[in-house]
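Each chain, letter by letter, is given below.
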Amino acid sequence: VCLFISTMAEAVTYVPESVLKKRAAADAERANKIAARIVAKKRARVKRQDIFKRAEKYVREYKKQEQSILRMRREAKKAGNYFREPETKVYFVIRIRGIMGVSPKVRKILQLLRLRQIHN
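(A) View of the overall build of the chain. Along its length, the chain carries two helices and zero strands. For the chain, buried positions account for 4% of its 120 residues. Put simply, the chain shows about 12,800 Å² of open surface, and 57% of that area lies on carbon and sulfur atoms.

(B) Geometry of a nonpolar patch on the surface. A cluster of nonpolar side chains, F92, I94, I109 and L113, forms an exposed patch at the surface whose accessible area comes to about 400 Å². Its place among the elements puts F92 in the loop between α1 (17–79) and α2 (104–112).

(C) Seen up close, α1. Here α1 contains 63 residues, and its C-alpha end-to-end distance of 92 Å stays within 8% of the 93 Å for a straight helix at 1.5 Å per residue. G80 sits one or two residues past α1 and shows a positive phi near 80 degrees.

(D) Local environment of a positive patch on the surface. On the surface, K33, R37, K41, K42, R45 and R48 cluster together into a patch of positive charge. Overall, the relative accessible area of 57% leaves K41 in the exposed class.

(E) Representation of the pattern of salt bridges within the structure. Here the structure, examined in full by the defined rule, presents six salt bridges. A salt bridge links R73 to E85, with the nearest nitrogen and oxygen atoms 2.8 Å apart. Of this pair, R73 sits in helix α1 while E85 sits in the loop between α1 and α2; the two residues are 12 residues apart in sequence, bridging distant segments of the chain. For R73, a relative accessible area of 36% translates into the label partly exposed. Overall, E85 belongs to the partly exposed group, its relative accessible area being 39%.

Cut-off values and rules
- Residues numbered from 1 in each chain as written.
- Predicted model: local features only at pLDDT ≥ 70, side-chain atom pairs only at ≥ 80, totals over all residues.
- Heavy atoms only, no water.
- Helix = DSSP H or I, 4+ residues; strand = E, 2+ residues; numbered from the N terminus.
- Buried < 20%, exposed > 50% of the residue type's maximum accessible area, 1.4 Å probe, protein only.
- Areas by Shrake-Rupley, 256 points an atom, 1.4 Å probe, with all protein chains shown as cover.
- Patch = residues over 30% accessible without salt bridge, like charges linked within 9 Å, V, L, I, M, F, W, Y side chains within 5 Å.
- Salt bridge = Lys/Arg side-chain N within 4 Å of Asp/Glu carboxyl O.
- Expected span 1.5 Å × (residues − 1).
- Lys, Arg positive; Asp, Glu negative; His and termini not counted.
- Charge placed at Lys NZ, Arg CZ, Asp CG, Glu CD.

What follows is the structure, encoded as structure tokens:
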């Protein structure tokens, strides 16, 4: 009787060192991206909460302002006076680098807006 004992020799595959380094770098980069994404999510959550709080503050401020106007209107009516509604303020801002070298059409517009002088 003859017994054949065969051992499976493990097939060893050789991977170049540059490929191993590239894999390790890719794994490290992936881990860094995941960590950065987690940090960014936390920051975004805090920022979103801050924005929401700020918006609530503005809502409270505008509501208080409307109530104040309503109160003043009622007081004026009670006293037999007229209440003049506050008008919205509009600012028109233009930065002029100087009147020299400006085309005639633009110069005319500046003249119509009374902006011929610098810092005026």
